[in-house]
Each structure stands twice: as structure tokens, then as C-alpha cells.
Amino acid sequence: AQTVTQSQPEMSVQEAETVTLSCTYDTSESDYYLFWYKQPPSRQMILVIRQEAYKQQNATENRFSVNFQKAAKSFSLKISDSQLGDAAMYFCAYRSSYYGGSQGNLIFGKGTKLSVKP
Amino acid sequence: ETGVTQTPRHLVMGMTNKKSLKCEQHLGHNAMYWYKQSAKKPLELMFVYSLEERVENNSVPSRFSPECPNSSHLFLHLHTLQPEDSALYLCASSQDYRSGANVLTFGAGSRLTVL
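Residues numbered from 1 in each chain as written. Chains lettered and ligands numbered in written order. Predicted model: local features only at pLDDT ≥ 70, side-chain atom pairs only at ≥ 80, totals over all residues. Heavy atoms only, no water.

Undergrad: How should the overall build of chain B be read in this particular structure?
TA: Across its full length, chain B carries zero helices and eleven strands. When its helices and strands are written in sequence order, chain B yields β-β-β-β-β-β-β-β-β-β-β. Over its C-alpha atoms chain B spans a radius of gyration of 13 Å, differing by no more than 12% from the 13 Å that the globule rule assigns to 115 residues. The buried share of chain B, reckoned over its 115 residues, is 49%. Considering only residue pairs separated by 6 or more positions, chain B has 54% of its internal contacts joining residues 24 or more positions apart. As displayed, chain B offers around 5,100 Å² of accessible surface, 48% of which is attributable to carbon and sulfur atoms. (Helix = DSSP H or I, 4+ residues; strand = E, 2+ residues; numbered from the N terminus. Rg over C-alpha atoms; globule rule 2.2 N^0.38 Å. Buried < 20%, exposed > 50% of the residue type's maximum accessible area, 1.4 Å probe, protein only. Contact = heavy atoms within 4.5 Å. Areas by Shrake-Rupley, 256 points an atom, 1.4 Å probe, with all protein chains shown as cover.)

Undergrad: Sorry if this is basic, but what is going on with the pattern of salt bridges here?
TA: Residue and element names in this part refer to chain B. Counting across every chain of the model gives five salt bridges over all chains. Here Arg-63 makes a salt bridge to Asp-85, at a shortest N to O gap of 2.7 Å. Taken together, the residues span a long stretch of sequence, with Arg-63 in the loop between β6 (53-57) and β7 (64-70) and Asp-85 in the loop between β8 (73-79) and β9 (87-94) at a distance of 22 residues. (Salt bridge = Lys/Arg side-chain N within 4 Å of Asp/Glu carboxyl O.)

Undergrad: Where do I start with the packing of aromatic side chains in this structure?
TA: Residue and element names in this part refer to chain A. Tallied over the full model, the rule gives 14 aromatic pairs over all chains. With a centroid separation of 6.3 Å and 80° between ring planes, the pair formed by Phe-68 and Phe-75 is classed as edge-to-face. Note on accessibility: Phe-68 and Phe-75 belong to one class, buried. Measuring from centroid to centroid gives 6.3 Å for Phe-91 and Phe-108, while their planes differ by 85°, and the two rings are edge-to-face. Residue Phe-91 is found in strand β10 (residues 88-96), and its partner Phe-108 is found in strand β11 (residues 107-108); the two are separated by 17 residues along the sequence. (Phe/Tyr/Trp six-rings, centres within 6.5 Å; stacked < 30°, edge-to-face > 60°.)

Undergrad: Could you clarify how one ought to interpret the side chain of Thr27(A) in this entry?
TA: Residues and elements named next belong to chain A. Note that Thr-27 resides in the loop between β4 (24-26) and β5 (32-39). Looking at Thr-27, its side chain comes within polar contact range of the main-chain nitrogen of Glu-29, at 3.1 Å. Beyond its immediate stretch of four places on either side in the chain, Thr-27 contacts Gln-2, Tyr-32, Lys-73 and Tyr-94. (Polar contact = N/O pair within 3.5 Å; in protein donor to acceptor, adjacent residues only side chain to side chain.)

Undergrad: Which parts of the structure should I look at to understand the interface of chain A and chain B?
TA: Often the size quoted for an interface is simply the accessible area lost on bringing the parts together. Taken together, the contact pairs 25 residues of chain A with 31 residues of chain B. Taken together, both faces of the contact between chain A and chain B bury some 2,100 Å²; the carbon and sulfur share is 50%. A per-residue breakdown of the area chain A buries against chain B is headed by Arg43(A), Arg95(A) and Phe108(A), which together make up 31% of the total. Inspection of the chain A/chain B interface yields zero salt bridges. Our count for the chain A to chain B interface comes out at eleven residue pairs in polar contact (both at pLDDT 80 or more). (Buried area = accessible area lost by both parts, 1.4 Å probe.)

Undergrad: I keep staring at the environment of Gln6(B) and nothing clicks. Help me out?
TA: Residue and element names in this part refer to chain B. As for its position among the elements, Gln-6 is in strand β1 (residues 4-7). Here the alpha-carbon distance between Gln-6 and Phe-75, two residues 69 residues apart in the chain, equals 9.6 Å. Those residues within four positions of Gln-6 in sequence are excluded, and the remaining contacts are Lys-22, Cys-23, Trp-34, Tyr-89, Leu-90, Cys-91, Gly-107, Ala-108, Gly-109 and Ser-110. For Gln-6, the side chain forms a polar contact with the main-chain nitrogen of Gly-109, separated by 3.0 Å.

Undergrad: Help me understand unusual backbone geometry, please; the structure alone is not making it clear to me.
TA: Most peptide bonds adopt trans geometry, and most residues besides glycine take a negative phi value. A cis amide bond links Thr7(B) to the next residue, Pro8(B), at an omega of -10°. Looking at the element boundaries, Pro8(B) is found in the loop between β1 and β2 (10-13). Positioned with a positive phi, Asp81(A) is a non-glycine residue whose angle comes to about 50°. Secondary-structure assignment places Asp81(A) in the loop between β9 (74-79) and β10. Its identity is not glycine, yet Leu51(B) carries a phi of approximately 50°, on the positive side. Examined against the element boundaries, Leu51(B) turns out to sit in the loop between β5 (44-50) and β6. Among the residues examined, Leu51(B) registers a relative accessible area of 53% and is labelled exposed.

Undergrad: Help me understand the nonpolar core in this model?
TA: Soluble globular proteins tend to bury their nonpolar side chains together. Residue and element names in this part refer to chain A. Core analysis: the biggest nonpolar cluster contains 26 residues, and Tyr-25, Trp-36, Phe-75, Leu-77 and Tyr-90 have the highest contact counts within it. If you list the elements that add at least two residues to this core, you get β3 (19-21), β5, β6 (46-52), β8 (64-69), β9, β10 and β12 (112-117). Top contributing element to this core by residue count: β10, with four residues. Apart from residues no more than four positions distant in its own chain, Tyr-25 is found in contact with Thr-3, Val-4, Tyr-32, Leu-34, Phe-68, Gln-69, Lys-70, Lys-73, Ser-74, Phe-75 and Tyr-94. (Core = buried A, V, L, I, M, F, W, Y, C linked by side-chain atoms within 4.5 Å.)

Dropping the structure here:
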């Protein structure tokens, strides 16, 4: 079974600085998708970025980028020029590409709470 | 209204009550999900519906009963819950169930407290 581990329960960053959130996962599959979701105090989970495992190029979305290391099964999120509105819980998630089984299941890590200091 | 809407936002109930959580999506998606979010635990998938048919039930106790009358609406009926069932219940939808590429769109959740 696949697992997702976020080893940093809490992180803090100064406004305008850069922070990196860690995520590792375990899988025997070669084709899958990885996601970072953000959950602000409003509680609604919002997609931040998505990475396809068969693509070597790291995904980027404005100030958010990932460092995807497939062999190491690592998927970290870098937030540049941090803003107060970035304060939230960040969840790393895995989803299989394979037909059949529980590939409908988005497997989440426990999350990292990010605080942004003004 | 767009996106995924959940009601109520907050619910307090006794262990003998019967209540329901409602989820509605306006995205034209074919799959809908219930997740349970408890403190310091990963989100747990409870149920998945694809085109109104239940496709996954992850060993959820029978005191939770889902209902999907159409592809836009999803309910979670609650009966004789336990205090440990207190959690945030998140509804989500996606274009379809099988494709791993599909992004899930979440609602803001229903915060349930069982006394």
C-alpha cells in the first residue's frame, strides 16, 4: 500500500522569504500523480500544484514549485516570496494512475502547518 | 453558485440523534467523495460514488450511511454516532473516478461534534 509522509508538523517563514516543505512517499508503482493541497483556516482544500510521475520536469505554478526526485520518492514544495495569505496547512497527496483497485483514492500525508511572520 | 458546497458548516449532535450532511457540486463532475479529517491524522477516504453508484466503502461503520441521488448531490446520513466520530467531514468531486490525473475539488467541510 502507498503511504505519504510529511515529517514537518509545523514550519515558519518570514514574509517575502522562501520556505520548502518536505514530502516523501512509498510506492511500488511507476506511474502516478502527486499533489500539494493547501487548507487555509476557511477549511477548503485548494490545489496548489500537481506533478505527473512520468514527467521529469518539475511543476511550477507562479510562486510555487516542486522538487520531484522520483528515485528518492521525494516531492518537496518550495514557496517563494512568501505572503501572509500562504499561511495554511499544506498536504502532500498521492494518486495512482493504474486502472482498477483503489486508484480513486487520494492518499494524504498528515500535513504541515505553515505560519508566515510579517 | 459554483464549486462544491457543503451544509451545514457546523453540527453538534447527541449520540442518539439522526442528522445528515449535504454536499452539492456545480462542476458537472461524475465522481463524488466523502473524506474524514481528524486532528493529527491523514485524511481518510470514506466513500466514493461514480455516476451515482458506490464504488468504494473503506470499512466505514454502518452508523454512517451515504446517499447519492444524482451526480450533483451527495449525502452522509448519521445515526447513533460516537464521540470519536467528531471530525471535519469533507466532500469532494472530480471529473471521473478512474483517472489518476483528475484533480479533486473540495468543499469547505462540515465540522461535526458528537456529545
